[in-house]
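Descriptive analysis of the structure
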Amino acid sequence: MIVTLYNEDEVISFSNEAGLMYIPGIGNLNTEKFKVENHEMELGSRKFRIREATVEDISQSIERAPQIILPKDVMYIGYKMNFPRIGRLLEIGGGSGGFSIMSSVIFGINILSFEINEEIYKILKKNIRRFELEDRIEAKNDDGMEAPVDKYENIFIDNPEPWKFIEGRLTNVKNVGTILPTYSQAEYFSRFMKENDFEVNIHELIDIPIKISEIGIRPESNILYHTGFIVTARKW
(Lines give C-alpha, C1' and ligand atoms only; values in the text may rest on other atoms or scores of the structure.)
Protein backbone atom coordinates (compact mmCIF):
# COMPACT_ATOMS: atom_id res chain seq x y z
CA MET A 1 0.00 0.00 0.00
CA ILE A 2 1.09 3.58 -0.66
CA VAL A 3 0.69 5.51 2.59
CA THR A 4 0.91 9.20 3.38
CA LEU A 5 2.32 10.83 6.47
CA TYR A 6 0.81 14.26 6.87
CA ASN A 7 0.46 17.20 9.20
CA GLU A 8 -0.33 20.87 8.69
CA ASP A 9 2.95 21.50 6.87
CA GLU A 10 4.03 18.23 5.25
CA VAL A 11 2.74 15.50 2.93
CA ILE A 12 5.08 12.53 2.45
CA SER A 13 4.02 9.37 0.58
CA PHE A 14 5.75 6.02 0.02
CA SER A 15 5.07 2.29 -0.20
CA ASN A 16 4.96 0.56 3.15
CA GLU A 17 6.42 -2.50 1.42
CA ALA A 18 9.60 -0.79 0.17
CA GLY A 19 11.75 -1.89 3.12
CA LEU A 20 14.52 0.44 4.23
CA MET A 21 14.46 3.64 2.18
CA TYR A 22 15.90 7.13 2.46
CA ILE A 23 13.10 9.70 2.29
CA PRO A 24 14.24 13.31 1.77
CA GLY A 25 13.15 15.50 4.66
CA ILE A 26 12.92 12.54 7.05
CA GLY A 27 15.94 10.26 6.62
CA ASN A 28 16.27 6.48 6.56
CA LEU A 29 12.99 4.73 7.31
CA ASN A 30 11.86 1.18 7.73
CA THR A 31 8.75 1.76 5.62
CA GLU A 32 7.11 -1.48 6.73
CA LYS A 33 6.21 -0.12 10.17
CA PHE A 34 3.88 2.52 8.73
CA LYS A 35 0.31 1.18 8.68
CA VAL A 36 -2.89 3.13 8.15
CA GLU A 37 -4.30 1.40 11.21
CA ASN A 38 -1.68 3.14 13.38
CA HIS A 39 -3.49 6.47 12.78
CA GLU A 40 -0.69 8.61 14.26
CA MET A 41 3.08 8.39 14.59
CA GLU A 42 5.98 10.52 15.81
CA LEU A 43 9.30 10.94 14.01
CA GLY A 44 11.64 12.79 16.29
CA SER A 45 9.78 15.90 17.38
CA ARG A 46 7.37 15.79 14.43
CA LYS A 47 3.89 14.32 14.69
CA PHE A 48 2.13 12.80 11.69
CA ARG A 49 -1.19 11.24 10.91
CA ILE A 50 -1.33 8.36 8.41
CA ARG A 51 -3.74 7.75 5.52
CA GLU A 52 -3.81 5.78 2.29
CA ALA A 53 -2.16 7.98 -0.35
CA THR A 54 -4.17 9.92 -2.90
CA VAL A 55 -2.99 10.67 -6.45
CA GLU A 56 -2.25 14.22 -5.32
CA ASP A 57 -0.19 12.93 -2.38
CA ILE A 58 1.94 10.83 -4.73
CA SER A 59 2.48 13.75 -7.10
CA GLN A 60 3.63 15.99 -4.26
CA SER A 61 5.97 13.30 -2.90
CA ILE A 62 7.93 12.41 -6.04
CA GLU A 63 11.62 13.03 -5.40
CA ARG A 64 12.63 15.53 -8.04
CA ALA A 65 15.57 16.32 -10.23
CA PRO A 66 15.75 20.01 -11.30
CA GLN A 67 12.62 19.89 -13.50
CA ILE A 68 9.42 17.88 -13.54
CA ILE A 69 6.30 17.76 -15.72
CA LEU A 70 3.33 18.98 -13.68
CA PRO A 71 0.15 16.90 -13.21
CA LYS A 72 -2.00 19.30 -15.26
CA ASP A 73 0.25 18.70 -18.27
CA VAL A 74 0.52 14.94 -17.64
CA MET A 75 -3.27 14.60 -17.63
CA TYR A 76 -3.74 16.63 -20.80
CA ILE A 77 -0.98 14.75 -22.63
CA GLY A 78 -2.61 11.47 -21.55
CA TYR A 79 -5.96 12.74 -22.82
CA LYS A 80 -4.57 13.82 -26.20
CA MET A 81 -2.48 10.65 -26.62
CA ASN A 82 -5.34 8.37 -25.55
CA PHE A 83 -3.40 6.71 -22.71
CA PRO A 84 -6.32 4.67 -21.33
CA ARG A 85 -6.55 2.81 -24.66
CA ILE A 86 -2.98 2.39 -25.89
CA GLY A 87 -1.57 -0.07 -23.32
CA ARG A 88 2.13 0.74 -23.57
CA LEU A 89 4.35 3.76 -24.14
CA LEU A 90 7.98 4.47 -24.94
CA GLU A 91 9.35 7.44 -22.99
CA ILE A 92 12.58 9.15 -24.04
CA GLY A 93 13.90 11.43 -21.31
CA GLY A 94 12.50 9.84 -18.17
CA GLY A 95 13.98 12.37 -15.76
CA SER A 96 13.18 11.59 -12.13
CA GLY A 97 9.91 9.93 -13.11
CA GLY A 98 7.32 12.68 -12.76
CA PHE A 99 5.68 11.94 -16.11
CA SER A 100 5.93 8.15 -16.08
CA ILE A 101 4.83 7.76 -12.46
CA MET A 102 1.80 10.03 -12.78
CA SER A 103 0.86 8.48 -16.14
CA SER A 104 0.96 4.99 -14.63
CA VAL A 105 -0.90 6.01 -11.47
CA ILE A 106 -3.64 7.94 -13.31
CA PHE A 107 -4.02 5.92 -16.52
CA GLY A 108 -2.61 2.48 -15.62
CA ILE A 109 -0.26 2.55 -18.60
CA ASN A 110 2.93 0.45 -18.99
CA ILE A 111 6.07 2.44 -19.84
CA LEU A 112 9.59 1.75 -21.04
CA SER A 113 11.60 4.81 -20.00
CA PHE A 114 15.09 5.88 -21.15
CA GLU A 115 17.15 8.29 -19.03
CA ILE A 116 20.76 8.99 -20.01
CA ASN A 117 21.91 10.86 -16.87
CA GLU A 118 23.08 8.28 -14.33
CA GLU A 119 22.37 10.34 -11.22
CA ILE A 120 18.86 11.26 -12.38
CA TYR A 121 18.29 7.64 -13.41
CA LYS A 122 19.02 6.57 -9.81
CA ILE A 123 16.27 8.93 -8.60
CA LEU A 124 13.93 7.55 -11.25
CA LYS A 125 14.55 3.96 -10.11
CA LYS A 126 14.07 4.93 -6.48
CA ASN A 127 10.78 6.69 -7.24
CA ILE A 128 9.50 3.66 -9.15
CA ARG A 129 10.20 1.49 -6.12
CA ARG A 130 8.85 4.09 -3.71
CA PHE A 131 5.42 4.03 -5.37
CA GLU A 132 5.17 0.28 -6.17
CA LEU A 133 5.41 0.68 -9.95
CA GLU A 134 8.08 -1.90 -10.82
CA ASP A 135 5.49 -3.94 -12.72
CA ARG A 136 4.42 -0.97 -14.88
CA ILE A 137 7.58 1.11 -15.47
CA GLU A 138 10.83 -0.31 -16.80
CA ALA A 139 13.70 2.17 -16.66
CA LYS A 140 16.93 2.04 -18.65
CA ASN A 141 20.03 4.16 -18.05
CA ASP A 142 20.76 4.63 -21.73
CA ASP A 143 20.76 7.17 -24.55
CA GLY A 144 17.31 7.75 -26.03
CA MET A 145 18.90 7.42 -29.46
CA GLU A 146 19.16 3.70 -28.66
CA ALA A 147 15.47 3.40 -27.76
CA PRO A 148 13.43 0.86 -29.80
CA VAL A 149 11.37 3.50 -31.63
CA ASP A 150 10.53 1.07 -34.43
CA LYS A 151 8.79 -1.27 -31.97
CA TYR A 152 6.43 1.30 -30.44
CA GLU A 153 3.39 3.05 -31.87
CA ASN A 154 3.18 5.52 -28.94
CA ILE A 155 6.12 7.69 -27.87
CA PHE A 156 6.54 10.55 -25.42
CA ILE A 157 9.76 12.60 -25.64
CA ASP A 158 10.93 15.00 -22.95
CA ASN A 159 13.83 16.67 -24.72
CA PRO A 160 14.23 20.12 -26.30
CA GLU A 161 15.00 18.46 -29.66
CA PRO A 162 12.47 15.61 -29.87
CA TRP A 163 12.71 15.27 -33.65
CA LYS A 164 16.24 13.87 -33.51
CA PHE A 165 15.06 10.67 -31.78
CA ILE A 166 12.46 9.75 -34.39
CA GLU A 167 13.73 11.21 -37.66
CA GLY A 168 13.79 8.47 -40.29
CA ARG A 169 12.23 6.00 -37.82
CA LEU A 170 8.53 6.79 -38.06
CA THR A 171 7.36 3.78 -40.07
CA ASN A 172 5.46 2.16 -37.19
CA VAL A 173 4.87 5.24 -35.04
CA LYS A 174 1.26 6.44 -34.74
CA ASN A 175 1.22 8.75 -31.74
CA VAL A 176 3.89 11.18 -30.46
CA GLY A 177 3.82 13.72 -27.66
CA THR A 178 6.24 16.20 -26.14
CA ILE A 179 6.32 19.38 -24.04
CA LEU A 180 8.64 22.18 -25.13
CA PRO A 181 9.65 25.45 -23.45
CA THR A 182 9.81 27.84 -26.42
CA TYR A 183 7.66 28.86 -29.39
CA SER A 184 10.47 28.13 -31.83
CA GLN A 185 10.95 24.55 -30.61
CA ALA A 186 7.20 23.88 -30.65
CA GLU A 187 6.87 25.30 -34.15
CA TYR A 188 9.87 23.38 -35.52
CA PHE A 189 8.64 20.07 -34.11
CA SER A 190 5.07 20.67 -35.28
CA ARG A 191 6.20 21.38 -38.84
CA PHE A 192 8.49 18.35 -38.73
CA MET A 193 5.57 16.10 -37.78
CA LYS A 194 3.24 17.65 -40.36
CA GLU A 195 5.84 17.03 -43.05
CA ASN A 196 5.67 13.37 -42.01
CA ASP A 197 1.88 13.33 -42.50
CA PHE A 198 0.88 13.55 -38.83
CA GLU A 199 -2.10 15.50 -37.55
CA VAL A 200 -0.64 18.00 -35.06
CA ASN A 201 -2.10 19.87 -32.08
CA ILE A 202 -0.38 22.47 -29.88
CA HIS A 203 -1.69 23.63 -26.51
CA GLU A 204 -0.54 25.46 -23.42
CA LEU A 205 -2.37 24.94 -20.14
CA ILE A 206 -2.38 27.76 -17.59
CA ASP A 207 -3.48 26.87 -14.08
CA ILE A 208 -4.31 29.82 -11.81
CA PRO A 209 -4.93 28.88 -8.16
CA ILE A 210 -7.54 30.98 -6.37
CA LYS A 211 -6.93 32.28 -2.86
CA ILE A 212 -9.79 32.38 -0.37
CA SER A 213 -9.58 35.32 2.04
CA GLU A 214 -11.92 36.81 4.62
CA ILE A 215 -13.21 39.41 2.16
CA GLY A 216 -13.54 37.27 -0.95
CA ILE A 217 -11.53 35.26 -3.47
CA ARG A 218 -8.82 36.32 -5.91
CA PRO A 219 -6.01 34.76 -7.98
CA GLU A 220 -2.88 33.83 -6.06
CA SER A 221 -0.11 36.42 -6.37
CA ASN A 222 2.71 34.01 -7.25
CA ILE A 223 1.93 31.45 -9.93
CA LEU A 224 3.94 29.35 -12.37
CA TYR A 225 2.40 30.78 -15.53
CA HIS A 226 4.32 29.02 -18.33
CA THR A 227 5.21 25.34 -17.99
CA GLY A 228 5.55 24.46 -21.66
CA PHE A 229 3.88 23.97 -25.03
CA ILE A 230 2.27 20.55 -25.37
CA VAL A 231 2.64 19.18 -28.89
CA THR A 232 0.83 15.97 -29.83
CA ALA A 233 0.91 14.31 -33.25
CA ARG A 234 -1.17 11.40 -34.51
CA LYS A 235 -1.27 9.39 -37.71
CA TRP A 236 -4.48 7.48 -38.39
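**So, the overall build of the chain**
- Looking only at helices and strands, the chain has 7 helices and 15 strands in total.
- The C-alpha extent of the chain, read off along each of the three principal axes, is 60 × 50 × 30 Å.
- Per-residue burial for the chain yields a buried fraction of 46% across its 236 residues.
- Put simply, the chain shows about 12800 Å² of open surface, and 47% of that area lies on carbon and sulfur atoms.
- With 28 positive and 37 negative side-chain charges, the chain shows a spacing of 2 Å between the two charge centroids.

**Re the side chain of Thr-178**
- Summarising the element assignment, Thr-178 is placed in strand β11 (residues 175-180).
- Polar side-chain contacts of Thr-178 include one of 2.6 Å to the backbone oxygen of Ile-157.

**Quick notes on unusual backbone geometry**
- In this structure, Asn-82 takes a positive phi of about 65° despite not being glycine.
- Within the secondary structure, Asn-82 sits in the loop between α2 (71-80) and α3 (83-86).
- For Asp-197, which is not a glycine, the phi torsion comes out positive at approximately 70°.
- Mapping Asp-197 onto the fold places it in the loop between α7 (183-195) and β12 (199-203).
- The class for Asp-197 is exposed, based on a relative accessible area of 63%.

**Description of the sheet that holds strand β10 (residues 154-157)**
- The strand order across the open sheet built from 7 strands is β9-β8-β7-β10-β11-β15-β12, with neighbouring strands paired in mixed fashion. Of all strands in the sheet, those with a lone pairing partner are β9 (137-140) and β12, marking the two edges. For this sheet the average axis-to-axis angle between neighbouring strands, irrespective of direction, equals 15°.
- Where strand β8 (residues 110-114) meets β9, 4 bridges bridge the pair, whose relative direction is parallel. When the sheet's bridge partners are listed, Phe-114 is paired in β9 with Lys-140.
- Sitting on the sheet, α2 is in contact with β10, β11, β12 and β15 (229-234), with an inclination near 15° to β15.

Reading guide: rules and limits
Residues numbered from 1 in each chain as written. Predicted model: local features only at pLDDT ≥ 70, side-chain atom pairs only at ≥ 80, totals over all residues. Heavy atoms only, no water. Helix = DSSP H or I, 4+ residues; strand = E, 2+ residues; numbered from the N terminus. Buried < 20%, exposed > 50% of the residue type's maximum accessible area, 1.4 Å probe, protein only. Areas by Shrake-Rupley, 256 points an atom, 1.4 Å probe, with all protein chains shown as cover. Lys, Arg positive; Asp, Glu negative; His and termini not counted. Charge placed at Lys NZ, Arg CZ, Asp CG, Glu CD. Polar contact = N/O pair within 3.5 Å; in protein donor to acceptor, adjacent residues only side chain to side chain. Pairing = 2+ DSSP bridges. Axes fitted to C-alpha atoms, helices over the stretch in contact; angles between N-to-C directions. Contact = heavy atoms within 4.5 Å.

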